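Now for the letters of each chain:
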Amino acid sequence: ERTSNPQAPGSAMAIALQTRRRGPGSMSFVMPTSDLETLHATPDEAETAYYDAFARADSLAMEDVWLQDDAIVCIHPASEIMRGRRAVLSGWRKIFANQGPTEISFQPTRRYHGPVLAIHVGVERVQHAGGRVEVLATNIYQLTEHGWQMLLHHASPAQSTAAGVRPSDAVH
C-alpha cells in the first residue's frame, strides 16, 4: 500500500486538493480556500462512510460519498451499468426503498493508494432475509477538493454464490 502525506506542501495530494474538474478529461487548478470542507480525509474514511450509508439505507449519506461528476459508475450484481450521478443515486434510492437497512461488511483483499486515486478490491458480505451473500467488489476513490470520494463501485456475485458457475465457465 502506497500512501502520501496530504499535509506535505507541493505533494501530489495537496496539489489535487487545488484541482477542480470542469468536464470529462479537462482539469483546471484553483487556489485552496480556508473554508474548504473535507468530507473524507482518506480513502478508508470514504469507504467506511460508503458501507455505513449502505447499512443504514441513508440516501443523503450515500450522496456525500460519491464524486459530484457524471463520470461516476456503479454496477450492482445482476444489474445494468449505472452511469452518471443522477442514475447512480437514483439506483441507490430504489435499493434503499426496497430493502431498507441491511447488514453488510467489506473485507479488502487488495489496496492501492496513489496520489489521487485509490483502488480497493475485496469481498462484501451481505445478510438479508434470504440469507447471507458474498459479493466481489471493486471500489475506486478519487481525491477531490472535498477529500476522497467514490468514482466507481463494481460488485458481482462471488463464485461460491453464483449458481452453476465454474471457473471454466468464466467469460473473461
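Residues numbered from 1 in each chain as written. Predicted model: local features only at pLDDT ≥ 70, side-chain atom pairs only at ≥ 80, totals over all residues. Heavy atoms only, no water.

Considering the sheet that holds strand β7 (residues 131-144)
Going by this rule: At least two bridges found by DSSP between two strands are what make those strands a pair. Each helix is a run of DSSP H or I of at least 4 residues and each strand a run of E of at least 2, with the numbering of both proceeding from the N terminus.
Spatial ordering of the open sheet is given by β4-β3-β8-β7-β6-β5, a layout of 6 strands whose pairing is mixed. Lying at the two open borders of the sheet, with one neighbouring strand each, are β4 (82-83) and β5 (103-113). Pairing of β7 with strand β8 (residues 147-157), which is carried by 10 bridges, proceeds in the antiparallel orientation. Among the inter-strand pairings, T144 is bridged to a residue of β8, identified as G147.

A closer look at helix α4 (residues 85-99)
To keep things clear, this is the line we draw: The length a helix should cover is 1.5 Å for every residue beyond the first. Summary of the burial criterion: residues with accessible area below 20% of their type's maximum are buried, those above 50% are exposed, and those between are partly exposed, where the area comes from a 1.4 Å probe applied to protein chains only. Note that the arc is computed from the directions linking the helix axis to the C-beta atoms.
Spanning 15 residues, α4 covers 21 Å between terminal C-alpha atoms, matching the ideal 21 Å at 1.5 Å per step. Restricting attention to buried positions, one finds in α4 the residues R85, V88, L89, G91, W92 and F96. Each buried residue of α4 sits inside an arc of 150° when the element is viewed along its axis, so together they form one side. Away from its buried face by more than 90 degrees, α4 exposes R86, K94, A97 and N98.

Notes on the pairing of β7
The pairing of strand β6 (residues 117-128) with β7 spans 12 bridges and is antiparallel. Bridging across to β7, I119 finds its partner in I140. In this antiparallel pair of consecutive strands, β6 and β7, the connection spans 2 residues. Linkage of β7 to β8, two consecutive antiparallel strands, is achieved through a turn of 2 residues.

Here's the deal with the packing of aromatic side chains
Two aromatic rings are characterised by how far apart their centres lie and by the angle between their planes. Filter applied, for reference: Aromatic pairing here means that ring centres of Phe, Tyr or Trp (its six-membered ring) are within 6.5 Å. Orientation follows from the plane angle: under 30 degrees is stacked, over 60 is edge-to-face, and everything else is tilted.
For the structure on display, the rule yields 6 aromatic pairs. Here the aromatic rings of Y51 and F106 are separated by 5.2 Å at their centres, their planes lie at 10°, and the arrangement is stacked. Taken together, the positions of Y51 in helix α2 (residues 43-56) and F106 in strand β5 put the pair 55 residues apart, joining distant regions of the chain. Pair check on accessibility: Y51 and F106 agree, each one buried. Judged by centre distance (4.9 Å) and plane angle (70°), the ring pair of F54 and W92 falls under edge-to-face. Of the two residues, F54 sits in helix α2 while W92 sits in helix α4, which places them 38 residues apart along the sequence. An aromatic cluster is defined as three or more aromatic residues linked by ring pairs; in this entry it consists of Y50, Y51, F54, W92, F96 and F106.

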